[in-house]
Amino acid sequence: MFAIVSEPIDPRALEGSIRDAARGGVVTFLGVVRNCADDGRAVTGLAYEAFEPMALSEFEAIAREVRDRYGDVRIAIVHRTGELAVGEIAVAVAAASPHRAMAFDACEYAINELKRRAPIWKKERYAGGGEAWKANVC
Amino acid sequence: MAAFAALRELLGSSPIELDLAEGACVREAWEALARDRAGMSALAASTRIARNGTVAGLDDAMTDGDELALLPPVGGG
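Conventions and cut-offs
- Residues numbered from 1 in each chain as written.
- Chains lettered and ligands numbered in written order.
- Predicted model: local features only at pLDDT ≥ 70, side-chain atom pairs only at ≥ 80, totals over all residues.
- Heavy atoms only, no water.
- Helix = DSSP H or I, 4+ residues; strand = E, 2+ residues; numbered from the N terminus.
- Rg over C-alpha atoms; globule rule 2.2 N^0.38 Å.
- Buried < 20%, exposed > 50% of the residue type's maximum accessible area, 1.4 Å probe, protein only.
- Contact = heavy atoms within 4.5 Å.
- Areas by Shrake-Rupley, 256 points an atom, 1.4 Å probe, with all protein chains shown as cover.
- Expected span 1.5 Å × (residues − 1).
- Core = buried A, V, L, I, M, F, W, Y, C linked by side-chain atoms within 4.5 Å.

Undergrad: Please give an account of the overall build of chain A that cites residues and values.
TA: Per the secondary structure count, chain A includes 3 helices and 8 strands. Overall, chain A shows an N-to-C arrangement of helices and strands of β-α-β-β-α-β-β-β-α-β-β. Rg of the C-alpha trace for chain A: 15 Å, near the compact-globule value of 14 Å for 138 residues, within the 12% margin. Across its three principal axes, chain A shows a C-alpha extent of roughly 50 × 25 × 25 Å. Looking at chain A as a whole, 47% of its 138 residues are labelled buried. Pairs at least 24 apart in sequence give 74% of the contacts found in chain A among residues at least 6 apart. In the form shown here, chain A has an accessible surface area of approximately 6,700 Å², with 50% of it arising from carbon and sulfur atoms.

Undergrad: Could you give an account of helix 3 (residues 100–117) of chain A, naming the residues involved and the relevant values?
TA: The end-to-end C-alpha separation of helix 3 of chain A is 26 Å, in line with the 26 Å expected for 18 residues at 1.5 Å each. Here helix 3 of chain A has its buried residues at A103(A), A106(A), C107(A), Y109(A), A110(A), I111(A), E113(A), L114(A) and R117(A).

Undergrad: So, the nonpolar core: which residues are in play, and what are the values?
TA: One finds F59(A), V66(A), I75(A), V93(A), A95(A), L114(A) and I120(A) to be the most contacted residues of the largest nonpolar core, which totals 31 residues. Going through the elements one at a time, strand 3 (43–50), helix 2 (52–70), strand 4 (74–80), strand 6 (89–97), helix 3 and strand 7 (120–126) of chain A are the ones with two or more residues in this core. No other element matches helix 3 of chain A, which puts 7 residues into this core. Excluding anything up to four places from it in sequence, I120(A) contacts I4(A), Y48(A), E49(A), A50(A), A55(A), F59(A), H79(A), V74(B), G75(B) and G76(B). Listed in part, the 16 residues of the second largest apolar core include A3(B), A29(B), L68(B) and L70(B).

What follows is the structure, given as structure tokens:
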């Protein structure tokens, strides 16, 4: 499953899309909106937007790279767009493989690559007013 | 032409149609947009431009009907 969604993400559904009887290791990463910016300012929420067709192509490319690097891994990626409050899930990456090491490695590779290159943007909204687009430092 | 994040706020959300000379390259499309918008030059170095869904080089030639997207530094996750 590769998706850009405007509704809340259900990580269990994401895991369900890649689990099967041959895979004993399932690793899920959740990126959650936190209440504090890197510079210490209080954050009330994040606004995300995506260039959807290109973002989905990147998700699929990342999944192909994961299989090339780590082997028999199934991977699912979903990212949310729109206005998110503190505590909500912005991104979920799930990886399932026969054993755990491959799933951990695949999941880490996928979220790192997503953050580095997927055409998705976020704006921080600060307590007391103010907002700023924040680029990832990878 | 579509734009995202800070560039969308500068250019607006509606697709922009550009009328360029035959054989124009991606750089010329950017320059046509930036000509009347002071805020864009500061973003030039960090912006990637996709042509029909794939990141393009500034010297890539365009053909009629190409769709460009202006991609500022990404912040997903």
